[in-house]
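Analysis of the macromolecular model
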Amino acid sequence: MSRARVVINREFCKGCALCTYACPRGILVISRDFNSRGYYPVMVTDDKQCAGCGFCAQVCPDVAIAVYRE
């Protein structure tokens, strides 16, 4: 079984939450800490549960998410 890793660029993320709705496993949530631009970026709650589908990266309007499959 291959592993996947989601990388979120916290400075690009505006916290629109589109990826949280797109994630079939529900492992993306809005962070409680804001970035340097004053937005609450998304964070991954459980990297091990990521299926590597890439839906989150596809719906991100700010290109703040990358999904790597190992």
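Everything that follows concerns the structure shown earlier in this document.
Everything in this summary refers to the structure shown in the same document.

How each quantity is defined
- Residues numbered from 1 in each chain as written.
- Predicted model: local features only at pLDDT ≥ 70, side-chain atom pairs only at ≥ 80, totals over all residues.
- Heavy atoms only, no water.
- Salt bridge = Lys/Arg side-chain N within 4 Å of Asp/Glu carboxyl O.
- Helix = DSSP H or I, 4+ residues; strand = E, 2+ residues; numbered from the N terminus.
- Buried < 20%, exposed > 50% of the residue type's maximum accessible area, 1.4 Å probe, protein only.

If you walk through the whole model with that rule in mind, you get two salt bridges. Salt-bridge contacts for Glu70 lead to Arg5; the nearest nitrogen and oxygen are separated by 3.6 Å. Of the two residues, Glu70 is situated in the segment after β4 (65–69) and Arg5 in strand β1 (residues 4–8); the sequence distance between them amounts to 65 residues. Accessibility expressed as a relative area gives 56% for Glu70, which makes it exposed. For Arg5, a relative accessible area of 35% gives the class partly exposed. Lys14 is the partner of Asp62 in a salt bridge, and the nearest nitrogen-oxygen pair spans 3.7 Å. Residue Asp62 is found in the loop between α2 (55–59) and β4, and its partner Lys14 is found in the loop between β1 and α1 (18–22); the two are separated by 48 residues along the sequence. Its relative accessible area of 38% is what places Lys14 among the partly exposed residues.

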